[in-house]
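Structure assessment
Listed below are the residues making up each chain.
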Amino acid sequence: MAILFSFFTFLLLSLSPPQRTLAGDQSCRPTCGSLKLKYPFGSGCGCGSPRFHPYVTCEPTSNQLTLTTHTGSYPITSISYATSTLTITPPYMSTCNSMQQSPNLGLDWTSPFQLGPSTFLLLSCPSPTCSLAINGSPVCDSSSSHLCDSIYTCPSVTGLVLPMFPPSNSCCVYSPANFNSKGELDLRSLKCEGYTSIVSLQDYPTDPNQWQYGVLLKYEKGAFDSYDIDNKCNACEESGGVCGYAPPGNSFICACDIGYNTTTQCRNFFNNDQEQEIFWSSASLQIWKKWFWILAGLILII
């Protein structure tokens, strides 16, 4: 019996897969809260694209996908993979239900994100708003002034220390919007107290209660995401895996849902005709070792 036990111990040590893990030794998840995660987004370090991870993370306590820049952290409320856009909802942005003073909003120049075609309303600005300018260029679009008339019918304007139904000439429709050389919407230099951003009027151009609020951002995958990587990632996701990368070289990996990672796709795990590297997380190795010792114990009892 001792000889048999020694044989199983040798088998465990000799056949254990090589331990090559994701950074942080974590599993890549296909969702974060209600949002489906597909490449280039990931649930943490080692998941998705390495170019996106420093900026987009899934907060472990709130299970909220968040974009972090030099001006703050912003919840991501939707992602369109078809149009390569996402929507953030800055916590201090005004809406019809809550108007408040807002800090500057900005993006990091090194990030893969750019400002999309959102419509910004700058609120509680000095009159006349036609004098507002960024780098010497006027920013207010007088042809859309009806949006200012509408937003100022919201009772929450008192949060900006404005009277009910204030004159709309303290509001500026900034569209198309752009950021300054620091990558920011600089409210302080414009002397405006707050802002709101509209993604869609929802077919209600004069009813701000029906508007879809948020800031639309465009994203680009970048140099890491070559044609070869895109093809591998599509195959990985179609096989039920999650695309990721293995530091420090950031080579492509496909994280499969039973604890192993491959360099191609999940369904090829038992297919010897296709060359691929199989490696495991330490968590999955612990499960394998646990079952080994259970089996070994049963053999000793017998």
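This is a predicted model, so every value here is computed, not measured.

**A few points about the packing of aromatic side chains**
Tallying each qualifying case throughout the model produces 7 aromatic pairs. Each ring, one from F52 and one from F113, has its centre 5.5 Å from the other, and the planes form 80°; the classification is edge-to-face. On the criterion of sequence distance, the pair formed by F52 in the loop between β2 (35-36) and β3 (56-59) and F113 in strand β8 (residues 113-115) is long-range, its members being 61 residues apart. Taken as a pair, F52 and F113 share a single burial class, namely buried. The interplanar angle of 90° and the centroid separation of 5.8 Å between the aromatic rings of F52 and Y219 together place this pair among those described as edge-to-face. Of this pair, F52 sits in the loop between β2 and β3 while Y219 sits in strand β16 (residues 215-219); the two residues are 167 residues apart in sequence, bridging distant segments of the chain. Taking relative accessible area as the criterion, F52 reaches 2% and is therefore assigned buried.

**Topic: the state of the cysteines**
Evaluation of the coordinates by the stated rule reveals 9 disulfides. Residue C28 pairs covalently with C47 via a disulfide, S to S 2.1 Å. The disulfide joining C28 to C47 has a torsion of about -90° about its S-S bond and is therefore left-handed. In this pair, C28 is assigned in the loop between α1 (2-15) and β1 (31-32) and C47 in the loop between β2 and β3, connecting sequence segments 19 residues apart. For the pair C28 and C47, one class covers both residues: buried.

**So, the environment of S27**
Among the secondary structure elements, S27 is positioned in the loop between α1 and β1. A relative accessible area of 56% means that S27 is categorised as exposed. Residues S27 and V242, spaced 215 residues apart in sequence, show a C-alpha to C-alpha distance of 9.4 Å.

**Concerning the sheet that holds β3**
Overall, antiparallel pairing links the 6 strands, which are arranged β3-β4-β5-β6-β16-β8 in an open sheet. Only two strands of the sheet have a single neighbouring strand rather than two, namely β3 and β8. Strand-to-strand, the axes of this sheet are offset by a mean angle of 45°, without reference to chain direction. As paired elements, strand β5 (residues 72-80) and strand β6 (residues 85-88) share 4 bridges and run antiparallel to each other. Among the inter-strand pairings, S78 is bridged to a residue of β6, identified as T87.

**What to know about the sheet that holds strand β15 (residues 212-213)**
One open sheet holds the 4 strands; their spatial order is β12-β9-β14-β15, and the pairing between them is antiparallel. The sheet is open, and its two borders are formed by β12 (172-174) and β15, each paired with just one other strand. As defined by bridge partners, strand β9 (residues 119-123) adjoins β12 across 3 bridges and the pair is classed as antiparallel. The residue of β12 that forms the bridge with L122 is C172.

**A closer look at the confidence of the model for the chain**
With 77% of its residues at a pLDDT of 70 or more, the chain has an overall mean of 82. For the stretch residues 3-25, pLDDT sits under 50, and the model shows 39 contacts to residues farther than four places along the chain or on other chains. A low-confidence stretch, residues 282-293 (pLDDT under 50), is modelled with 15 contacts involving residues beyond four sequence positions or located in other chains.

**Remarks on the side chain of S124**
Here S124 shows up in the loop between β9 and β10 (133-134). Not counting the four nearest positions on each side in its chain, S124 is found in contact with Y152, L160, L162, S170, K191, C192 and E193.

**Digging into the environment of T83**
Topologically, T83 is positioned in the loop between β5 and β6. A distance of 2.7 Å separates a polar atom in the side chain of T83 from a polar atom in the side chain of S80. Among the polar contacts made by the side chain of T83, one reaches the side chain of T85 at a distance of 2.8 Å.

**What about the nonpolar core?**
Counting 54 residues, the largest nonpolar core has F113, L122 and I151 as the members making the most contacts within it. A total of 4 residues in this core trace back to one element, the largest contributor, which is β9. Apart from residues no more than four positions distant in its own chain, L122 is found in contact with S170, C171, C172, Y174, L185, L187, L190, C192, G194 and Y195. Counting residues in hydrophobic clusters, the runner-up holds 10 residues, among them C236, C243, C256 and C266.

**Let's talk about the pairing of β16**
Extensive coverage of β16 is indicated by the burial of 4 of its 5 residues. One ladder, built from 4 bridges, connects β6 with β16; its direction is antiparallel. Counterpart to T87 in the pairing with β16 is L216. Pairing between β8 and β16: 3 bridges, direction antiparallel. The residue of β16 that forms the bridge with Q114 is K218.

So, how was this worked out
- Residues numbered from 1 in each chain as written.
- Predicted model: local features only at pLDDT ≥ 70, side-chain atom pairs only at ≥ 80, totals over all residues.
- Heavy atoms only, no water.
- Phe/Tyr/Trp six-rings, centres within 6.5 Å; stacked < 30°, edge-to-face > 60°.
- Helix = DSSP H or I, 4+ residues; strand = E, 2+ residues; numbered from the N terminus.
- Buried < 20%, exposed > 50% of the residue type's maximum accessible area, 1.4 Å probe, protein only.
- Disulfide = S-S within 2.5 Å.
- Pairing = 2+ DSSP bridges.
- Axes fitted to C-alpha atoms, helices over the stretch in contact; angles between N-to-C directions.
- pLDDT = per-residue confidence, 0-100.
- Contact = heavy atoms within 4.5 Å.
- Polar contact = N/O pair within 3.5 Å; in protein donor to acceptor, adjacent residues only side chain to side chain.
- Core = buried A, V, L, I, M, F, W, Y, C linked by side-chain atoms within 4.5 Å.

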